[in-house]
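Fold and contact review
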Amino acid sequence: MLSTVALILAAGVLAVLAVGMGFVLGWANRAFHVRTDPKVEQILAALPGANCGGCGFVGCAEYAAAVATGEADVSLCGPGGAGAAQGLAGIMGVELEESLPYRAMVHCSAHTDERLQRAEYRGEPTCASANLVAGVQGCTYGCLGMGDCERSCKYGAIRVVDGLSTVDYTKCVGCKACERTCPRNIITIVPFKAENMLVVACSNQDSAGDVRAVCAVGCLGCRACTKVAPDLISIEGALPVINYDNYDPTDDLIAKVLEKCPRKRLFFVGKPTEADLAAVAGEELPDEIQADFKTTVDETEWRG
Amino acid sequence: MEILTSLILIFVGAALINNFVLHYFVGICPFLGVSRRVDTAFGMGCAVTFVISISALLNWTVTYFVLRPGAPLPAWVWRSVGGDPGTQVDLSVLSYIIYIFVIASSVQFVEMYVRKFFPPLYRSFGVFLPLITTNCAILFGSLEILKHLQDPTRLWGLHQALALALGGGIGFTLAISLMAGIREELDMCDVPGPLKGAGVALIVAGIMAMAFMGFVGVDKGVQSAVSALLR
C-alpha cells in the first residue's frame, strides 16, 4: 500500500513537473522569440573562421553580423580572399566590386650587414623593446630584425631573413597582424592589383648624407625616379611614394625607373617571375634558419 | 534576532568557511575553465550566483512541499487514500532528477527571457548560462538545502535556503575572480616548462584551497561578534 502510493506519487510528481515545465518553456519559446537573421548563419559559414581580426571586427561572428546589417563591406575578409567575398556577395545579393587581395609589404631592405652603426643589444629580443633603446642601430626608421612580425603571423608568411623581415607571398593572406605589431610601422598592407608590385623598400625620411651614414642601401631621396615617371611616383618628405592607381607592371617606364635608381631601392615583390625561378631551379632549399638567441627562457612573450 | 544570526552564519559559512569550490571541490570545471581573465571570470561568477539563487528558490519550494519526509502534498494524498497517519511517504529519492530538471528548465527560461528583454545583459553573461545548467555547484547547493529539510525538527525556511545559495554563489565569484587575477599575473611569469598551463593552475588552486582552510573556526568568532553586535 505504502510503496504503491509512493510509486504513483513519484510518477505523478515527475509527470506534472514535466508537463508544467514543458508548457512554460514552449510558451516562452514563442513569447520570447528573438528574430535572428538567417543570413548571419550563412555568412558565418562562408567565412574561413580564422578570427584574425583583419577585417577590423573582433571576430568572424561580429563581421558576419555587420555584413548582414549592411554596415560592413563584403570584401573585407583577408584570409578568405576573393572566394569568401564572392560567397558573401552571393548571400547578400550585392554586386562584387573588383576585389584586390591585400598583402603585406616591408618598406625596408637592409640586411644586418648593410645596416650601419649597430651596437650590441643584449635586451629582450623583441623589436618592441629594442625600439625603446637608442643606438641599437643607426637607422631609426628601418627594420630591427627581432621578428615581432614573424611571431605575430599565424600563417608563417613573414620571416626574418638575414635580419630583415621578408614576406612569403605564397602564404600571406593580408590579415594585417604584422602591420599592427611592427613598432616602426614599416609594414603596410597594399592591394595587389598585379602579381608583382613595385615597392619603395626604404622608410628613412632623413637627408641623403644622414642616410648614407646609417645604411649601405637606403633611399637617398634623389628624385631620379619621379623625374622619369612623374605620374607614377611622387616625393613625399624625402621618400618616393608610388601611386598604385597608375601602376601597370608591364609598363616600359618602370624598367627605366629601376635602371635610374642609384641605390636600386625600388623593386618588385610578389610572385617570383619565371626568370627568377629558372635562376634558382637547381639550388637546394636550406632548412629554416632559427635565430640562436642565447637565453634560457623559451618562447614566451614576456622574458623578464 | 536568532534568525538574523543564523542567516549571517549560513552566509559566511557558505561564502568563506565552507567555500563551494575550495572546500567541497564542486564547480571545478568553470573554476579552471573560465578563469583566464578577470572580467569573464566575474561574469561567470555573477551568472552562477544568479542561477544558484533561482534554483535554491524553486528547489526549496519543491522539496518543502513535495519531496521531504512528511511533506504536505504526499501526506495529504496518503491520508486521503486512507493510509495510516503514523507512517510517512518519503519522496526524497526523486531529489536528484527533479533538481536537475528544475535547474535546467528554469535556466532555459531565464536565458530566453534575458535574451528577449535585456540584450546587452545577454551578450555579457548570457553565454555562460547554458554552460552552468548542469554545473555541480548548483546541484550541490540544492542538495545542501535538501539535507537541512530532512530533519523535521529543524527545518530550514526559504530565507535560510536563499542565504546559503547567495553565500555559495558569492563565495564562488570570489574564488574564481581571485583565481583569474592570479592567472593573469601568471601569464607574465617564467613558469618552468613542464608545469605550464594546467599544471601550475592546479597548483595555484591547491594553494588557494589550503589558504581558505584558514577560515575554519572563524564561525565561532563570527557568531559571538554578530550576537554582541545585535544585543
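Before any of the text, the structure's been laid out above.
For the structure given in this document, a descriptive report is provided here. The structure displayed is predicted, hence computed values, not measured ones.

The next thing to look at is the overall build of chain B. Scanning chain B from terminus to terminus reveals ten helices and zero strands. Mapped from its N terminus to its C terminus, chain B presents α and β elements in the order α-α-α-α-α-α-α-α-α-α. Within the span of chain B, comprising 231 residues, buried residues form 46% of the whole. In chain B, the share of contacts with a sequence separation of at least 24, taken over all contacts with a separation of at least 6, comes to 76%.

Attention now moves to the pattern of salt bridges. All names here are of chain B. Scanning the model with the defined rule gives four salt bridges over all chains in all. Across the pair Glu144 and Lys147 runs a salt bridge, and its minimum N-O distance is 3.0 Å. Taken as a pair, Glu144 and Lys147 lie in helix 7 (residues 136-147) at a separation of three residues, close to a single helical turn. By relative accessible area, which is 11% here, Glu144 ends up buried.

Tracing the sequence through the fold places A:His107 in the loop between strand 1 (102-106) and helix 5 (127-130). Ignoring sequence-local partners within four residues, the contact set of A:His107 consists of A:Ile186, A:Thr188, A:Val199, A:Val200, A:Ala201, A:Cys202 and A:Ser203.

Turning our eyes to something else, we now look at the packing of helix 1 (residues 2-31) of chain A against helix 4 (residues 72-80) of chain B. Two elements in contact, helix 1 of chain A and helix 4 of chain B, have axes whose closest approach is 11 Å; the angle formed by their N-to-C orientations is 130°. Classified by the angle between their axes, helix 1 of chain A and helix 4 of chain B sit oblique to one another. Note that helix 1 of chain A runs across helix 4 of chain B; the crossing there is right-handed. Of helix 4 of chain B, the residues touching helix 1 of chain A (which contributes A:Leu2, A:Val5 and A:Leu9) are B:Pro74, B:Val77 and B:Trp78.

Another point: unusual backbone geometry. All names here are of chain A. Unlike most non-glycine residues, Asp162 shows phi in positive territory, near 50°. Note on placement: Asp162 falls in the loop between strand 2 (158-161) and strand 3 (164-167). Owing to a relative accessible area of 57%, Asp162 belongs among the exposed residues under this scheme. Of note, the phi angle at Lys176 is positive, near 75°, even though the residue is not glycine. Its place among the elements puts Lys176 in the loop between strand 3 and helix 7 (177-181).

We now examine the environment of B:Glu2. In this fold, B:Glu2 is placed in helix 1 (residues 2-17). For the pair B:Glu2 and B:Ser227, spaced 225 residues apart in the sequence, the C-alpha separation amounts to 8.4 Å.

All names here are of chain A. Per the counting criterion, the structure on display carries five cavities of 30 Å³ or more. The volume enclosed by the largest cavity comes to roughly 110 Å³. Lining the largest cavity are 14 residues, with Cys219, Cys222, Cys225, Pro240 and Cys261 sitting closest to its centre. For the lining of the largest cavity, a count of residues per class yields ten nonpolar, one polar and three charged.

Bringing the interface of chain B and chain A into the picture now. Contacts between chain B and chain A engage 24 residues on the former and 25 residues on the latter. Roughly 2,200 Å² is buried in total at the junction of chain B and chain A, and carbon and sulfur atoms are behind 84% of that figure. Interface area lost by chain B to chain A is led by B:Phe101, B:Phe109 and B:Met112, which between them contribute 22%. Between chain B and chain A we count zero salt bridges in total. Taken together, chain B and chain A are joined by one residue pair in polar contact (both at pLDDT 80 or more). Of all the elements in the fold, those that place two or more residues in the side of chain B that touches chain A are helix 4 and helix 5 (95-117) of chain B. Here the element with the most residues in the side of chain B that touches chain A is helix 5 of chain B; it accounts for twelve residues. Among the residues making up the side of chain B that touches chain A, the classes are represented as 17 nonpolar, three polar and four charged.

Calculation rules
- As a convention, each chain's residues are numbered from 1 in the sequence order in which they are written.
- To read the labels, note that chains go from A and ligands from 1, taken in the order they are written.
- With the structure being a predicted model, the display of local features is reserved for residues of pLDDT at least 70 and the display and counting of side-chain atom pairs for 80 or more, all residues being used for whole-chain, interface and lining totals.
- Side-chain calculation: all heavy atoms of the structure are included, whereas hydrogens and water are not.
- Think of it this way: any DSSP run of H or I at least four residues long counts as a helix, any run of E at least two long counts as a strand, and we number them from the N terminus.
- Residue burial is assigned from relative accessible area. The probe radius is 1.4 Å, only protein chains are included, and a residue is buried under 20% of its type maximum, exposed over 50%, and partly exposed in between.
- Should any heavy atoms of two residues lie within 4.5 Å, those residues are counted as being in contact.
- Just to be clear on terms, a salt bridge is a Lys or Arg side-chain nitrogen sitting within 4 Å of an Asp or Glu carboxyl oxygen.
- Whenever a helix is involved, its axis is fitted only over the stretch in contact; in every case the axis is a line through C-alpha atoms, and angles between N-to-C directions fall within 0 to 180 degrees.
- Our angle categories are set so that under 35 degrees counts as roughly parallel, over 145 as roughly antiparallel, 65 to 115 as roughly perpendicular, and the remainder as oblique.
- Should the near helix be turned counterclockwise from the far one by less than a right angle, the crossing is left-handed, whereas a clockwise turn marks it as right-handed.
- With a 1 Å grid spanning the protein atoms alone, the term cavity applies to any set of points in which a 1.4 Å probe fits but cannot get out, the term pocket to an open set with protein on both sides within 12 Å along at least five of seven lines, and the term lining residue to any residue with an atom within 4 Å of a point.
- Grid points are joined across faces, edges and corners, and a volume is the space filled by probe spheres set on the points.
- Any residue that is not Ala, Val, Leu, Ile, Met, Phe, Trp, Tyr, Cys, Pro, Asp, Glu, Lys or Arg is counted as polar, Gly included; the first ten are nonpolar and the last four charged.
- In short, buried area is how much 1.4 Å probe accessible area vanishes from two parts on joining, totalled over both.
- Whenever a nitrogen or oxygen atom comes within 3.5 Å of another N or O atom, the pair is scored as a polar contact, on the condition that within protein one atom can donate a hydrogen and the other can accept it, and that pairs from neighbouring residues in sequence are kept only if both atoms are in side chains.

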